[in-house]
Structures are given as C-alpha cells and as structure tokens.
Amino acid sequence: MDGQETQVSLAQRELVGVGSTHPRRQAIAQQPTVRLAQASSVAVFARRYLIDTDYLLPKDLIEANRLDFQHFYLKHVLKSNYLAPLNKEQVHTILDVGCGTGRWVIEMARAFPQARVYGIDLEWSTPPQKLPPNVAFLQGDVLEGLPFSDHTFDYVHQRLLALGIPAKKWPFLLQELQRVTAPGGWIELFEGGDTFVNAGPALRLFIEWYRQACKRAGYDPAIMDRLGNLFQSLGLRNVRLETLSVPVGPWGRHEGVMLQKNLMATFPGLFPLLQQQLNIDERQFNIVLREINREMEIMQVEYQYYVVYGQK
Ligand SMILES: C[S@@+](CC[C@H](N)C(=O)[O-])C[C@H]1O[C@@H](n2cnc3c(N)ncnc32)[C@H](O)[C@@H]1O
C-alpha cells in the first residue's frame, strides 16, 4: 500500500504540475487530479472480473503475472518495446493506454529519460516498487474519453486492448488517440488476433467458439486486419501495418514454449464469455483446453500478431 500511495501522490503532483517546464507537460498539468482506486469487480470461477466496464479478461494477480510474462515474451520476440520510427530527441511525452501492470511504461521511462511517460488503465495493477521519476499512472476509461488536452503526446501506444473495446466503440477510441497526439507525433497499436496457422481440431473448435461469442457480445476479433485502413481514414500519414507470425509450442524452441504458456494462461479467462454467450459448460471447456495444450505440444502451430503505426 505504501508504494501505491507514493505513486498516487506522484501522479497527483504531476497533474498539478510540480516541476513542469515543457509546454506539453504544462498542458497535462492543467488536467484534473485522478485518484487510483480499486474498480468494482465480481468473482467468476475463482477469477476476478471488473464490472461496469467493457473489459472481458480477468483482473487479478494471476492475470497480472501473465501480463508481465507476456511483456517479457514480446520484448524478447520484437527486440524492442516499440516499432514506430521515433526520433528520441523529439519525444517529450508518451502515453500508454490500457497500461496493465505498467512494465512497458516503466521501461519506456528508463529508455526516454527526457520524456514524461503516462500510463492509464481502468485499474492500476503495478506491484509496489520504486518508479523512475518521469512516470505517472492514472486511472481512467479510455472509452469515456482521455483526460488530456488535444495535441498532448508525441507518442501514444496501446497494446492488446481488443478485448476491452466493443466493435462500435473503435471509431471513438481511435479519434481519442488521434486527438491527444501532437502534430507530427506517432500512434502505435499492437494487437493479437484470432488467426492461427496449422491449428488442430480442438484449437479450431475453440477459435470458432471465441468468434461466435465475441460476435454475440458485440466485439470484433478480426478488427486488427482493418486497423491500417482505419488509421488511414483518420488522416494519419506514414501508416504501416505489419503482421508477425510466431511459433507456438516446442517446435518454436524457447519463444514457442513461452507463447504456448501465455496462450494457455489466457484462454481460461475467456470462460465467462463463452459460458454467457454460448452456454459452454465448465467440463467441456476444460476438456477442450487440455486437448489444445496437447496439440500445441506436437503440431507446428503459428499465431499472428498485428502492429499498426501512423503519424499525425
Ligand atoms: C490485455 S491487458 C494489456 C496490458 C498492457 N497493455 C500490456 O500489454 O501488458 C489490457 C489492459 O487494458 C485495460 N483496459 C481495458 N479496457 C480499458 C479501457 N476502456 N480504458 C482503460 N484501460 C482499459 C485492462 O484493465 C488491462 O489492464
């Protein structure tokens, strides 16, 4: 709790502008104070989920550990925390939307010591730790609008938020990201999709369940394919969409085993979605998950990530 209080006061100090000299930092300093608090939640099959939000994945310690593991996996695979061609000297303000445990924010703050790095999330889940002085965490729902003035950030980053964004809210979200980005600044989105290559029968069944359940709940797991076009329709320049195919399972050695572990830790969190939308029962769900894991051990499965970036 001590660490949390320290960080609350850091965020509050930041928001009232202590030590702000850069004009864009001062613009941020005029924003209202934000307090960090636990959001309302419900327990489903021993996992904790937020209520009154659109976010479908659990929000608990198991998930926080998975997000950290996933962060280190992605860093290992991409060899970087970002792909947009940032000019380091010109980046003074960075925003991470849906920052999760804040690992990305903290690493970026160390890599860009001259910049202020902000993380915003529905609920902040960073364990107490010493933070770099140029980091601030805020609590907020991007779907209700970002608590920042227009043209504030030189770089806006959002990673793996698709299960928090109903299909009809994507246009508003993208407009918000664009609104808070400074002219010449970059926006980068990184998403996983529902695309697997060489999936076995159990994984194919699970993907079919997932697609149907998302559709019924109003989510579009295939939105990633269209992100490039959506960026262009926002008027962004130098838009680039890259797909990244990565191995799942032992055939992909260390990286493949890491992704297998990550996916097998992600799927159980989707149970409430599949149960509510398709009436899948727990026993059936667990049998399919066990079979998917077995398939991943012996087949050459690949998974696809999507990265899109563009300049305002
Ligand atoms: C799958 S996690 C990814 C976390 C982090 N971006 C990463 O890559 O490690 C998605 C995060 O987005 C947050 N989130 C979901 N919907 C959100 C919203 N509407 N506004 C702000 N944060 C949101 C969740 O609380 C969760 O921490």
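Note that the structure is a prediction, hence the values are computed from the model and not measured. (Residues numbered from 1 in each chain as written. Predicted model: local features only at pLDDT ≥ 70, side-chain atom pairs only at ≥ 80, totals over all residues.)

> With reference to specific residues and values, describe the nonpolar core.
Counting 46 residues, the largest nonpolar core has I94, L95, V105, V117 and V156 as its most contacted members. Setting aside its immediate chain neighbours within four residues, V117 contacts I94, V105, M108, A109, F112, N134 and V135. By size, the runner-up hydrophobic cluster in this structure holds twelve residues, among which are L50, A213, Y219 and L274. (Core = buried A, V, L, I, M, F, W, Y, C linked by C-beta atoms within 7 Å. Buried ≥ 20, exposed ≤ 12 C-beta atoms within 10 Å, placed from the backbone. Contact = placed C-beta atoms within 7 Å.)

> So what's going on with the site of the ligand? Which residues, and what values?
Near the ligand there are 19 residues, and of these G98, G100, V142, R159 and G164 occur at the shortest range. Among the elements of the structure, α3 (61-78) and β4 (116-121) are those that each provide at least two residues to the shell around the ligand. (Near = placed C-beta within 6 Å. Helix = DSSP H or I, 4+ residues; strand = E, 2+ residues; numbered from the N terminus.)

> Give me the packing of helix α6 (residues 201-217) against helix α9 (residues 271-278): which residues, what numbers.
Orientation of α6 relative to α9, taken along the N-to-C sense of each, is 70°, at an axis distance of 9 Å. In terms of orientation, α6 lies roughly perpendicular with respect to α9. Between α6, through W209, Q212, A213, R216 and A217, and α9, the contact on the second element is made entirely by L273, L274, Q277 and L278. (Axes fitted to C-alpha atoms, helices over the stretch in contact; angles between N-to-C directions. Parallel < 35°, antiparallel > 145°, perpendicular 65-115°, else oblique.)

> I'd like a description of the sheet that holds strand β6 (residues 153-159), backed by residues and values.
Sheets are built from strands paired through backbone hydrogen bonds, the pairs being either parallel or antiparallel. Taken in spatial order, the seven strands of this open sheet run β5-β4-β3-β6-β7-β9-β8, and their pairing is mixed. The open sheet is flanked by β5 (135-139) and β8 (237-248), the only strands paired with a single partner. Direction aside, neighbouring strands of the sheet carry axes that sit 15° apart on average. One ladder, built from five bridges, connects strand β3 (residues 93-97) with β4; its direction is parallel. Note that in β4 the partner of L95 across the bridge is Y118. On top of the sheet, helix α4 (residues 103-111) reaches β3, β4, β5 and β6; it is set at about 175° to β4, its chief contact. Helix α8 (residues 253-266) contacts β8 and β9 (301-311) of the sheet and is inclined by roughly 95° relative to β8. (Pairing = 2+ DSSP bridges.)

> Report on the confidence of the model for the protein, specifying residues and quantitative values.
On average, residues of the protein score 88 in pLDDT, and 87% of them are at 70 or above. Confidence drops under pLDDT 50 across residues 1-35; counting only partners more than four residues distant or on other chains, this segment forms 48 contacts. (pLDDT = per-residue confidence, 0-100.)

> Describe in detail the packing of α3 against α8, supporting the description with residues and values.
At a minimum axis distance of 10 Å, the contact between α3 and α8 shows a crossing angle of 150°. Classified by the angle between their axes, α3 and α8 sit roughly antiparallel to one another. α3 and α8 meet at a crossing whose hand is left-handed. From α3, R66, F69, Q70, Y73, H76 and V77 reach across to α8, where they touch E255, M258, L259, N262, A265 and T266. Of the residues that constitute the contact of α3 with α8, the class distribution is six nonpolar, four polar and two charged. (Left-handed = near helix turned anticlockwise from the far one by under 90°. Nonpolar A, V, L, I, M, F, W, Y, C, P; charged D, E, K, R; others polar.)

> Tell me about the pairing of strand β2 (residues 47-50), residues and numbers included.
Bridging between strand β1 (residues 41-44) and β2 involves four bridges; their strand directions are antiparallel. When the bridges of β2 are listed, A43 appears paired with R48. In sequence, β1 turns back onto β2 through a hairpin of two residues, with F45 there showing a positive phi of about 45°.

> Can you break down the environment of A182 residue by residue, with the values?
Along the chain, A182 falls in strand β7 (residues 181-197). The sequence separation of A182 and D154 amounts to 28 residues, and the corresponding C-alpha distance is 5.5 Å.

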